[in-house]
Amino acid sequence: MREQFTTNAINLKSYSISEADKIIVMYSKEKGLIKGIAKGIKKTASKLGGRMDLLVANKMMLNKGRNLDTICQAEALNTFFNLRSDITKLFYAMYCCEIVSNFGTENDPNSEEIYNLFYTFLDCISKAKTKEQTMLAVIRFQLKIMNITGYSLELNDCVKCQKPPQDNNIYFSVENGGILCAKCADNICKKVKMPYKIKDFLNTLLNEDFNHHTYYDDLATEKICDICINLIKKYIEYYSPKRFKTTQILESIR
């Protein structure tokens, strides 16, 4: 008898392997990245149906296979329906989905934390009333998943001299992974000026709980959010083990 297991998982991507079957790539709460065959999913009578759509969270039952598991049952936990009716929400969700896919691993020791963060993010943008709320959720997700995976940005002390900047003359270095004081920035070619308020803004979002309403939530404009998303995006791309495919899509909605 085949070994069965259950897990909560969010669908990340899929690809066809026959006229009727697909392989679904998921990020699971207990096992990190997993792949499962959804047999007969393309048939109109399939019991799995829309539960295998991308960006749907399910309670899954799978048969353990030698090389690939087989999806037996799926009970939808959240379809995050509202993000599908807003093209901006959908594109940002696809971008963050790719972050999970690129940095997630099989048997990921951080699987529960990453799953909960991704679920919370999707639920948040699904319910967001404004573009600013959506973008703030993206920034929170970017910062927190990099922190979980061991690539946290240094936003307190200069990454070179390990001292807090003495004035508001601050720079950010993608390659060095954080802020630079004015003195140390002189020796770094690739850097961008970072206003002190942006540094404080990002630091606050990094350290507060995801759903905590901060002082900056009421002040952040679409322009400020766009600057921050793009800055962290470049950092994430630099450290990603895989190339991103959603970059051009994000550029189209800016």
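The structure this text deals with has already been given above.
Since the model is a prediction, treat every value here as computed from it, not as a measurement.

Draft legend 1. Examining the sheet that holds strand β8 (residues 192-194) more closely. Taking strand neighbours across the sheet as the criterion, the 3 strands line up as β7-β6-β8 in an open arrangement whose pairing is antiparallel. Each end of this open sheet is capped by a strand with a single partner; those strands are β7 (178-181) and β8. Neighbour-to-neighbour, the strand axes of this sheet turn through a mean angle of 45 degrees, independent of strand direction. Lying over the sheet, helix α5 (residues 196-207) contacts β6 (170-173), β7 and β8, oriented at roughly 75 degrees with respect to β8.

Draft legend 2. Region of interest: the sheet that holds strand β1 (residues 4-16). The 5 strands are arranged β1-β2-β3-β5-β4 in a closed barrel whose pairing can be described as mixed. Shown here is a sheet whose adjacent strand axes are inclined to one another by a mean of 50 degrees, direction ignored. Pairing of strand β4 (residues 57-63) with strand β5 (residues 69-78), which is carried by 7 bridges, proceeds in the antiparallel orientation. Following the sheet pairing, K59 is matched in β5 by E75. Set on the sheet, helix α1 (residues 87-103) makes contact with β1, β2 (22-28) and β3 (32-38); between it and β1 the angle comes to about 115 degrees. Docked against the sheet, helix α2 (residues 111-127) engages β1, β2, β3, β4 and β5, running at close to 60 degrees with respect to β1.

Draft legend 3. Representation of the packing of α1 against α2. Put simply, α1 and α2 touch, their axes get as near as 10 Å, and they point 175 degrees apart. By the criterion of interaxial angle, the relationship of α1 to α2 is roughly antiparallel. Contacts between α1 and α2 pair K89, Y92, A93, C96, C97 and V100 from the former with I114, F118, F121, L122, I125, S126 and K127 from the latter. The residue inventory of the contact of α1 with α2, partitioned by class, reads 10 nonpolar, 1 polar and 2 charged.

Draft legend 4. Structural context of the side chain of N63. Position of N63 among the secondary structure elements: in strand β4. Classification of N63 by relative accessible area gives buried; the value is 15%. For N63, the side chain forms a polar contact with the side chain of Q4, separated by 3.1 Å.

Draft legend 5. Spotlight on the pairing of β2. In terms of burial, β2 is a largely internal element, 6 of the 7 residues being buried. Of the pairings in the sheet, the one linking β1 to β2 comprises 7 bridges and is antiparallel in character. Bridge pairing in β2 places I10 opposite Y27. In this structure, the hairpin formed by β1 and β2 is closed by a connection of 5 residues. Strand direction decides the pairing type here: β2 and β3, joined by 7 bridges, are antiparallel. If you follow V25 over to β3, its bridge partner there is K35. Counting the residues that bridge the hairpin from β2 to β3 gives 3 residues.

Draft legend 6. Highlighting the pattern of salt bridges. For the structure shown, the criterion picks out 5 salt bridges. Between K64 and D69 there is a salt bridge; the shortest N-O distance is 4.0 Å. What makes K64 partly exposed here is its relative accessible area of 38%. Residue D69 is classed as buried on the basis of its relative accessible area of 7%. In this structure, D217 and R140 form a salt bridge, with 2.9 Å as the shortest nitrogen-oxygen distance. Separated by 77 residues along the polypeptide, D217 in the loop between α5 and α6 (222-239) and R140 in helix α3 (residues 131-148) bring together distant segments of the chain. Across this residue pair, the class does not change: D217 and R140 are buried.

Rules and cut-offs
- Residues numbered from 1 in each chain as written.
- Predicted model: local features only at pLDDT ≥ 70, side-chain atom pairs only at ≥ 80, totals over all residues.
- Heavy atoms only, no water.
- Pairing = 2+ DSSP bridges.
- Helix = DSSP H or I, 4+ residues; strand = E, 2+ residues; numbered from the N terminus.
- Axes fitted to C-alpha atoms, helices over the stretch in contact; angles between N-to-C directions.
- Contact = heavy atoms within 4.5 Å.
- Parallel < 35°, antiparallel > 145°, perpendicular 65-115°, else oblique.
- Nonpolar A, V, L, I, M, F, W, Y, C, P; charged D, E, K, R; others polar.
- Buried < 20%, exposed > 50% of the residue type's maximum accessible area, 1.4 Å probe, protein only.
- Polar contact = N/O pair within 3.5 Å; in protein donor to acceptor, adjacent residues only side chain to side chain.
- Salt bridge = Lys/Arg side-chain N within 4 Å of Asp/Glu carboxyl O.

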